[in-house]
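Read off the chains here:
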Amino acid sequence: MAPISNYQSSRMGNAFGAACLLAATLTSPAWSLSMNLTVNTTGGDGTFTSTNRWNFDQTCAGAFFDGTGPSVTTSGGTGSSGAVFAGGASASSNCAEYVVSLPTDFTADSFVCTYSVNDPFGEITYPTVSSVRLTGLIDLEGVLSCTLTASAPTPPSNAPEMPTVASIENTQAAIGRHLIAAGPTNRYFRNRFSRMPTQSLNASSQNFNVFQDFGSDADWNVWFDGFYLSEDFGDLDRTGQYGMLSFGVDRYVSDDTLLGLMLILDRYDTSDDDTGFDAEVDGWMTGPYFAHALRDALFVDGRVAFGRGYYDLTPDGIATGEFETERLSAGLRLSCLIGVGNWLFDTYGEVLYYRSESDAYTDSAAIAIPAVTYEDGRIKVGTRAYYSGFADEFSPFVGLDAQSQVFGDEGDIDSDFLGRVSTGFDYFLERDNGLVRLDVGYGGIGTEEYETIDGRVEVRFQF
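Residues numbered from 1 in each chain as written. Predicted model: local features only at pLDDT ≥ 70, side-chain atom pairs only at ≥ 80, totals over all residues. Heavy atoms only, no water.

Peer 1: Hey, could you go over the overall build of the chain for me, with residue numbers and the actual values?
Peer 2: Tallying secondary structure elements over the chain gives three helices and 26 strands in all. Among the 463 residues that make up the chain, the fraction classed as buried is 49%. Taking all contacts inside the chain whose residues are at least 6 apart in sequence as the whole, residues at least 24 apart take part in 69%. Of the roughly 20100 Å² of accessible surface on the chain, 57% is carried by carbon and sulfur atoms. (Helix = DSSP H or I, 4+ residues; strand = E, 2+ residues; numbered from the N terminus. Buried < 20%, exposed > 50% of the residue type's maximum accessible area, 1.4 Å probe, protein only. Contact = heavy atoms within 4.5 Å. Areas by Shrake-Rupley, 256 points an atom, 1.4 Å probe, with all protein chains shown as cover.)

The following block contains the structure:
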């Protein structure tokens, strides 16, 4: 049995998988033809159905009679079946056609046929890349065997689910907005350097006690910072809550320089009732920080923190997934004090960087989600105006902050610029013991679809 022909690589869609046209001059009152079909598939299994038809015109121009051919269901990438169909009863020539239909979106890669009898039957041609025509003498009880190779469509699980990827990026962006500036405040360093001389600033602000004196003999200091924020995304019908606890300890290494180590714990919950989106994220970061007094009213400080985040994400209300991220944040800030009468303006500018990279994972719908990397770079400026007309241990303030994203994506926010106004106070528990700082703020200035309300409590003690 010798191969007759082979046509390769034809994308069929949902069209014919193969057609065999058989025409012959008959020398007996009747004939029959066996058709064996083998199907090999890659990428999946399917059911391949077939039909046959014939007429009494060797040119295949007359009316056809219909019949049924073999049906093959593959398992493990292969399957086979056979059928016998009859030709004309007594006519001198007949035409028969054999058709295989492919499952939806399968591709016919090759089609090979062989004939079991070596009689001089003429020739077999392939009018199209997926049909076969046999002309000439066909032997009684002949067997035509065909092998079809087909490819299944690419499974959706092999491709990233873009709505999930977008949800990961948006959630990373939301956390980055709040976590990027975590660490000791410039107001903390202002009071931490209370041992520095203040004559030059006091000369321009005779009525303001620039620094509260915590005692020049205390080299060590510990602090705690609790922060809570509620956010609303406007028309998205999405809300979020972010909470953060920070702890730190630092020590003077010289009269004008200190080094410290901090730990940050945070949690973020957000949901959208319209889409079913829901995310819960817990995380931590830790790292060193420093501060240096360039002069009595000018300071520079910086920090670096590393950590991980633990995500439980449902992007569409159906499929869920759990994964982890690696985190990195860094910041460098310059701050100064300007005294005018009974007012002290605590002003700063800083550059900030945040990076988060998620692990690849497979969600509950068996969809493979790739790793997603998010980066955020910002410039932030702000000022606090403290009033000194009350008791020395009590200093109220009002503040204004603004930040602009230099690179990265704001996620679900429609603006790269965000502003915040705040008010609060510093209260000194004991001048040789500790300080409590409280402020509340409203954010979202510069965007129409996003707003925040937040509160912060900071406590510090020295020893």
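Peer 1: An account of the side chain of Arg456 is requested, with residue identities and associated values reported.
Peer 2: Inspection of the secondary structure puts Arg456 in strand β26 (residues 451–462). What makes Arg456 buried here is its relative accessible area of 19%. Within the structure, Arg456 has its side chain in polar contact with the side chain of Asp225 (distance 2.6 Å). Discounting residues that sit within four places of it in the chain, Arg456 has contacts with Asp225, Gly226, Phe227, Arg437, Leu438 and Asp439. (Polar contact = N/O pair within 3.5 Å; in protein donor to acceptor, adjacent residues only side chain to side chain.)

Peer 1: Quick one: what's the story with the side chain of Gln405, residue by residue and with numbers?
Peer 2: Here Gln405 shows up in strand β23 (residues 394–407). Within the local environment of Gln405, its side chain forms a polar contact with the side chain of Tyr374, the two groups lying 3.4 Å apart. There is a polar contact of 3.1 Å between the side chain of Gln405 and the side chain of Asp376.

Peer 1: Mind laying out the confidence of the model for the chain, listing which residues take part and the relevant values?
Peer 2: Residues of the chain with pLDDT of at least 70 account for 71%, and the chain-wide mean is 77. Low confidence marks residues 118–122, where pLDDT is under 50. Its contacts with residues over four positions away, or in another chain, come to nine contacts. In the model, residues 195–216 has pLDDT below 50 throughout and makes 64 contacts with residues more than four positions away in sequence or in other chains. (pLDDT = per-residue confidence, 0-100.)

Peer 1: Please set out empty space enclosed by the protein residue by residue, giving values where relevant.
Peer 2: It is a probe the size of a water molecule, rolled over the atoms, that shows where empty space is left. If you walk through the whole model with that rule in mind, you get three cavities of 30 Å³ or more. Its boundaries defined by the atoms lining it, the largest cavity holds a volume of some 630 Å³. Class assignment of the residues belonging to the lining of the largest cavity gives a composition of 12 nonpolar, nine polar and 12 charged. (1 Å grid on protein atoms, 1.4 Å probe; cavity = no way out; pocket = protein on both sides within 12 Å on 5 of 7 lines; lining within 4 Å. Points joined across faces, edges and corners; volume = space filled by probe spheres on them. Nonpolar A, V, L, I, M, F, W, Y, C, P; charged D, E, K, R; others polar.)

Peer 1: So what's going on with a negative patch on the surface? Residues and values would help.
Peer 2: Negative charge collects at one region of the surface, where Asp232, Asp237, Asp273, Asp274 and Glu451 lie side by side. Within the secondary structure, Asp232 sits in strand β13 (residues 220–232). (Patch = residues over 30% accessible without salt bridge, like charges linked within 9 Å, V, L, I, M, F, W, Y side chains within 5 Å. Salt bridge = Lys/Arg side-chain N within 4 Å of Asp/Glu carboxyl O. Lys, Arg positive; Asp, Glu negative; His and termini not counted. Charge placed at Lys NZ, Arg CZ, Asp CG, Glu CD.)

Peer 1: Before we move on, can you summarise the packing of aromatic side chains with the specific residues and values?
Peer 2: Taken as a whole and assessed by the stated rule, the structure comprises 12 aromatic pairs. Residues Phe189 and Tyr289 carry aromatic rings whose centres are separated by 6.2 Å and whose planes lie at 55° to one another, so their mutual orientation is tilted. Taken together, the residues span a long stretch of sequence, with Phe189 in helix α2 (residues 186–192) and Tyr289 in strand β16 (residues 278–295) at a distance of 100 residues. Per residue, the accessibility class of Phe189 equals that of Tyr289, and both read buried. Ring centres of Tyr242 and Tyr268 lie 6.4 Å apart, and the angle between their planes is 55°; this geometry places the pair in the tilted category. (Phe/Tyr/Trp six-rings, centres within 6.5 Å; stacked < 30°, edge-to-face > 60°.)

Peer 1: Give me unusual backbone geometry: which residues, what numbers.
Peer 2: With a phi close to 65°, Ala366 is a non-glycine residue in the positive phi region. Along the chain, the position of Ala366 falls in the loop between β20 (361–362) and β21 (368–369).

Peer 1: Give a detailed account of the pattern of salt bridges, specifying residues and quantitative values.
Peer 2: Tallied over the full model, the rule gives 22 salt bridges. Notably, a salt bridge pairs Arg267 with Asp282, separated by 2.8 Å at the nearest N-O pair. On the criterion of sequence distance, the pair formed by Arg267 in strand β15 (residues 257–272) and Asp282 in strand β16 is long-range, its members being 15 residues apart. Between Glu326 and Arg308 there is a salt bridge, with its nearest N and O atoms 3.6 Å apart. One end of the pair, Glu326, is in strand β18 (residues 321–340); the other, Arg308, is in strand β17 (residues 298–314), and 18 residues separate them in sequence. Residue classification places Glu326 among the partly exposed positions, given a relative accessible area of 47%.

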